Structures are given as structure tokens and as C-alpha cells.
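Tertiary structure, described
Spelled out from the first residue to the last, the chains are:
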Amino acid sequence: MSPQRASSPLSTGSAADFIPPNPTLPKLREAAAGCRGCDLWVNATQTVFGEGPRAAEVMLVGEQPGDQEDRQGHPFVGPAGRLLDAGLEHAGIDRSRVYVTNAVKHFKFVVIERGRRLHKKPSAGEVRACNPWLQEEIRLLKPRVVVALGATAAQALLGKQFRVTQHRGKPIPTDIADAIVATVHPSAILRAPDEAREEARQEFFADLAVVAKYLKSHPTNRP
Ligand code: URA
Ligand code: SF4
């Protein structure tokens with residue numbers, strides 16, 4: 001148990017308490033299924049852990065699973081995932097060669113009319129509590145490029161001060177990967193008003209094209 005957890009009434013605990021010794025990605029996934037690092041597991045169906053090949057050069061990080069992801073147990077399989085797939089295809093990045101995950105691994109929602117579950121933004125404390133899973137995924141996978149989809153992911157990776165609007169589509173060198181590229185969340189495009197949606201989609205696609213270009217123009221230093 002972390003010291004903060006014992007001493008601070010504001011702390012929501014941490015996934016760090018659930019990380020197994022000498023983790024591998026399969027061991028992490030198994031452990032994450034039983035995570036109780038914050039309260040989001042209580043109402044969600046299951047942990048939605050990252051997925052993709054061990055040799056993936058690109059890791060895409062979303063905010064948290066949505067309704068479909070929560071039911072199916074896989075990241076980005078709903079409407080946002082379809083838009084993401086289209087953007088990857090447009091950029092010439094094969095989805096089967098990327099690892100896809102989220103900053104927060106349980107679905108947070110409120111129930112509205114007729115039992116519909118409406119996405120609710122995770123709190124800063126929940127993002128912090130869940131961050132150890134993401135950090136371990138990055139450490140073990142060693143992607144060349146990490147793509148932050150939206151402000152929650154970008155801030156989980158680059159700190160609370162980071163502004164997607166100021167830095168989107170620009171590769172940022174970091175310790176955890178050769179570069180992080182931040183862009184908007186595909187769900188934000190789906191929610192945009194009709195007259196703004198097409199432009200938002202084009203800009204999102206352009207940011208993913210930056211990732212493809214970066215991979216081509218920066219020779220890999222991986223074995
Ligand atoms: N939105 C996300 O951020 N992640 C998903 O997995 C699905 C929708
Ligand atoms: Fe654990 Fe993250 Fe789920 Fe919270 S959201 S219970 S920290 S996996």
C-alpha cells in the first residue's frame with residue numbers, strides 16, 4: 001500500500017498495489033483484471049487492458065473504455081474505434097501492428113434514460129490511480145511512438161499542464177519513447193456539430209499521418 005493511501009483522505013489508492021513482481025505483458029493483463037486501485041471497477045463490467053502485438057512500434061492511448069469496450073472487453077471496438085481504424089488506414093498504418101490501450105482501464109459512466117450508459121470523464125485522481133498500468137505497458141512494449149488520443153491521455157503521459165490544442169501533431173521527444181504525438185480523441189470528432197465534423201476528421205487524419213511519416217523518416221534503433 002502506498003504511503004499516500006494511508007495518509008491522505010483524498011487519495012483513491014493506486015494500481016501500483018496490483019502490479020506483479022517481474023511483470024510481462026500477459027502477467028500485467030491478468031493482474032489488471034483484478035485491479036481495485038480506484039472505485040471504477042465497482043460499476044464496470046470488466047477491466048479493458050491494452051491489446052496488440054508485442055513488437056508494435058506504435059502505441060495508441062485513449063481515455064477509457066466506452067460502452068462497447070466495457071461489454072466486449074477490448075479497447076476501441078465501438079464507434080470511436082471505427083473512426084480510429086479509418087484514420088490509421090488513411091495514414092497507411094496497419095492496425096494489426098499497433099498496440100491500443102487507455103489511460104484508465106475501467107469504463108466510467110452515468111445511467112441516463114432507458115438504461116443508456118453515458119460516458120463520464122475520469123477524475124484526475126482516477127487517471128493517477130490507473131497510470132501505473134500504462135507506464136508498465138510502455139516500459140515493456142517499448143513503442144517507438146506513443147499517440148495520445150485526447151487531453152486525458154496526453155496529460156497522463158505529459159503532465160497536467162500539457163495542452164493538446166497547442167502541441168497536436170508535433171512529435172515530442174520523451175524518455176519513454178522516441179516521440180509522443182498528441183491529437184484529439186476520436187469521440188470528440190463524433191460529438192462535433194455537423195458543420196465542424198469533417199474538418200475535425202481531416203485534422204485528426206493529418207495528425208495520424210504525422211505518425212506514419214515520423215516512423216518512415218526516423219530509422220529504428222531497435223534490434
Ligand atoms: N474511447 C476510448 O478512449 N477508448 C476506448 O477504448 C474506446 C473509446
Ligand atoms: Fe484499477 Fe484503473 Fe480500474 Fe481503477 S480504473 S480499478 S486503477 S484498472
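Residues numbered from 1 in each chain as written. Chains lettered and ligands numbered in written order. Predicted model: local features only at pLDDT ≥ 70, side-chain atom pairs only at ≥ 80, totals over all residues. Heavy atoms only, no water.

Right, let's talk about the packing of aromatic side chains for a bit. Under the criterion given, the structure shown has 3 aromatic pairs. Judged by centre distance (6.2 Å) and plane angle (50°), the ring pair of Phe204 and Phe205 falls under tilted. You can call Phe204 buried: its relative accessible area is 0%. Taking the relative accessible area as the measure of exposure, Phe205 reaches 4% and is therefore buried. Between the NZ or CZ atom of Arg117 and the centre of the ring of Phe109, over which it lies, the distance is 4.8 Å. (Phe/Tyr/Trp six-rings, centres within 6.5 Å; stacked < 30°, edge-to-face > 60°. Buried < 20%, exposed > 50% of the residue type's maximum accessible area, 1.4 Å probe, protein only. Lys NZ or Arg CZ within 6 Å of the ring centre and 35° of its normal.)

So, about the site of ligand 2. Around ligand 2, the neighbouring residues are Cys35, Gly37, Cys38, Leu40, Trp41, Val104, Lys105, His106, Ala129, Cys130 and Trp133. Its residues placed into classes, the shell around ligand 2 shows 8 nonpolar, 2 polar and 1 charged. (Near = heavy atom within 4 Å. Nonpolar A, V, L, I, M, F, W, Y, C, P; charged D, E, K, R; others polar.)

Let's shift gears to the site of ligand 1. Every residue close to ligand 1 is listed here: Gly62, Glu63, Gln64, Pro65, Gly66, Glu69, Pro75, Phe76, Asn102 and His185. In this structure, an oxygen atom belonging to ligand 1 sits 2.8 Å away from a main-chain N or O atom of Glu63. Here Gln64 contributes a backbone N or O atom positioned 2.9 Å from a nitrogen atom of ligand 1. Split by residue class, the shell around ligand 1 holds 3 nonpolar, 5 polar and 2 charged. (Polar contact = N/O pair within 3.5 Å; in protein donor to acceptor, adjacent residues only side chain to side chain.)

With that settled, the discussion passes to unusual backbone geometry. Here Phe76, not a glycine, exhibits a phi torsion of approximately 55°, which is positive. By the element assignment, Phe76 lies in the loop between helix H3 (67-72) and helix H4 (79-91). Backbone geometry places Lys142, a non-glycine residue, at a positive phi of 50°. A relative accessible area of 54% means that Lys142 is categorised as exposed. (Helix = DSSP H or I, 4+ residues; strand = E, 2+ residues; numbered from the N terminus.)

Reading across from one edge, E2-E1-E5-E6 is the order of the 4 strands in this open sheet, with parallel pairing throughout. Among the strands making up the open sheet, the edge pair consists of strand E2 (98-102) and strand E6 (179-183). Recorded for the sheet is a direction-independent mean angle of 20° between the axes of neighbouring strands. Here 5 bridges tie strand E5 (residues 145-149) to E6, and the two strands are oriented parallel to one another. By the bridge assignment, Val146 is partnered in E6 with Ile180. Where helix H6 (residues 151-158) meets the sheet, its contacts fall on strand E1 (58-62), E5 and E6, and the angle it forms with E5 comes to roughly 135°. (Pairing = 2+ DSSP bridges. Axes fitted to C-alpha atoms, helices over the stretch in contact; angles between N-to-C directions. Contact = heavy atoms within 4.5 Å.)

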